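# Structural characterization, general
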Amino acid sequence: MNGWGWVAFAYATAYGSLAVFAGSIAWRIRNTRRSIGETE
Amino acid sequence: MQAQTLNRRWPWVAIVLSLTIAFVFAMISPAADSLQGFERVRIMYVHVPAAWLAYLAFFVTFGGSVGYLITRNLRWDRIAAASAEIGVYFTGLAIALGMIWGKSTWGVWWTWDARLTLTAIMFFVYLGYLALRRTTDDSVLRAGRAAVLGVLGAVQIPLVHFSVIWWRGLHQGPSVVRADGPAIQDPLMLTALIVGVLAFTVVYVSLMVKRIELIHLEDRKAAIDQSIERPVAGEAVTVPDLGGSS
């Protein structure tokens, strides 16, 4: 893999995992709000 | 309604904006670096901020733990818990990005270097912190146990940071915070690194806001669940008539 390939791998790991982590928090907030009957 | 929506969504907007700016700075910074070699140096602009944010998050966990032990106010425990979860994420990310850097420059994914090993131990200790929080539903007991580990665990932060100075290994020494000034001479490269650290700090603060919001919601849900009376054995079960004299 060339230099750009490693850079793309690293940024995909960083930004992709961050999207999943932040998304999981957003998802849990949404579900908890719904379960206590609060509107978004 | 619009103000409420904006109030709830600003952390997500801040995350997207800050990471976009950091990405642009990382990509336009000069690639050539005589020590680290061409394009791969851009990995540093996410690896270093992730590692610094792990320190910051665990330091906040330490502060929240001390705050709880002094005041016995659960607000401090919520801050410590939220920060520990985010810190575990950033530590895992720093390790993963370090492995990518290691394979591309050292030729190996992992080596038992002091910095790498101590970071891995710190990762597992704080995973243990999160597991410890799940051992009881009693919020006071949980806060007390977690606070003790939150204080003890913080000993690792200086150990990990100074490990590159105290023990010789493959991992390079400090690049920015040094007695003789930053090792990075190119102002654009230094700017890209600082912008990366600032952007990840904005991400951390935004995630903290949302994570604490989630803890408040979960507490409200638990309170509602407890206030609802439920039949112990289900509605289909009735008390048996034993036919005794009354």
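See the structure shown above.
Residue indices begin from 1 for each chain and proceed along its sequence in written order. All chains are assigned letters beginning at A, and all ligands numbers beginning at 1, according to the order in which they are written. Restriction of local features to residues with pLDDT of at least 70 applies here, the model being predicted, together with a cutoff of 80 or more for giving and counting side-chain atom pairs; totals for whole chains, interfaces and linings are based on all residues. The side-chain numbers reported here are obtained from all heavy atoms of the structure, hydrogens and water having been left aside.

## Topic: the overall build of chain A
The helix and strand tally for chain A stands at 1 helix and 0 strands. With the C-alpha coordinates aligned to their principal axes, the bounding extent of chain A is approximately 50 × 10 × 10 Å. Exposure categories follow from relative accessible area, calculated using a 1.4 Å probe and restricted to protein chains: below 20% of the type maximum is buried, above 50% is exposed, and the middle band is partly exposed. Taking all 40 residues of chain A together, 40% fall into the buried category. All accessible areas in this document rest on Shrake-Rupley with a 1.4 Å probe, and a residue is counted as covered only by the protein chains that are shown. Entry remark: accessible area of chain A is about 2100 Å², with carbon and sulfur atoms responsible for 65%. Only DSSP runs of H or I covering at least 4 residues are called helices, and only runs of E covering at least 2 are called strands; the numbering of each starts at the N terminus.

## Concerning the interface of chain A and chain B
Any two residues whose heavy atoms approach within 4.5 Å at even a single point are treated as in contact. Listed as interface residues are 25 residues of chain A and, on the opposing side, 35 residues of chain B. In total, about 2900 Å² of surface goes out of reach between chain A and chain B, with carbon and sulfur atoms giving 75% of it. Salt bridges are defined by distance alone: a side-chain nitrogen of Lys or Arg within 4 Å of a carboxyl oxygen of Asp or Glu. Along the contact surface separating chain A from chain B lie 2 salt bridges. One salt bridge in this structure joins E85 of chain B and R28 of chain A, with 3.5 Å as the shortest N-O distance. Polar contacts here mean pairs of N or O atoms no more than 3.5 Å apart (in protein, one a potential hydrogen donor and the other a potential acceptor; neighbouring residues in sequence count only if both atoms are side-chain atoms). One can count 6 residue pairs in polar contact (both at pLDDT 80 or more) joining chain A with chain B. Defined here as a combined quantity, buried area equals the accessible surface (1.4 Å probe) lost by two parts on assembly, summed across both.

## Concerning the nonpolar core
Judged by nonpolar contacts, the single largest core of 47 residues is most densely connected at Y45, F90, L93, F200 and L207 of chain B. Aside from chain neighbours lying at most four places away, what touches L207 of chain B is L18, F21, A22 and I25 of chain A together with W12, I15 and I86 of chain B. If you look at the next biggest cluster of nonpolar residues, it comprises 14 residues, including F58, A84, F123 and Y129 of chain B. Buried residues of nine kinds, namely Ala, Val, Leu, Ile, Met, Phe, Trp, Tyr and Cys, make up a nonpolar core once their side-chain atoms join them within 4.5 Å.

## Notes on the packing of aromatic side chains
In this analysis, rings of Phe, Tyr and Trp, with Trp reduced to its six-membered ring, are considered paired at centre separations within 6.5 Å, and the interplanar angle assigns stacked below 30 degrees, edge-to-face beyond 60, and tilted for intermediate values. According to the stated counting rule, one finds 16 aromatic pairs over all chains in the structure shown. Here Y15 of chain A and F23 of chain B contribute two aromatic rings whose centre-to-centre distance is 5.9 Å and whose plane-to-plane angle is 70°, an arrangement assigned as edge-to-face. Of this pair, Y15 of chain A sits in helix α1 (residues 3–35) while F23 of chain B sits in helix α1 (residues 2–28), placing the two residues on different chains. Grouping aromatic residues by their ring pairs yields a cluster made of F21 of chain A together with Y89, F90 and F200 of chain B.

## Digging into the side chain of Q156 of chain B
Take Q156 of chain B: it is sitting in helix α6 (residues 156–166). A distance of 3.0 Å separates a polar atom in the side chain of Q156 of chain B from the backbone oxygen of G153 of chain B.

## A closer look at the pattern of salt bridges
All names here are of chain B. Counted according to the given criterion, the structure contains 8 salt bridges over all chains. Taking the shortest distance from any N to any O, the salt bridge between E85 and R211 comes out at 2.9 Å. Here R211 lies in helix α7 (residues 187–227) and E85 lies in helix α3 (residues 74–105), a separation of 126 residues in the sequence. E85 gets classed as buried once you look at its relative accessible area, which sits at 15%. Residue classification places R211 among the buried positions, given a relative accessible area of 7%. E213 serves as the salt-bridge partner of K210, at 3.0 Å between the closest nitrogen and oxygen. Placement of the pair is K210 and E213 together in helix α7, with a separation of 3 residues, close to one helical turn.

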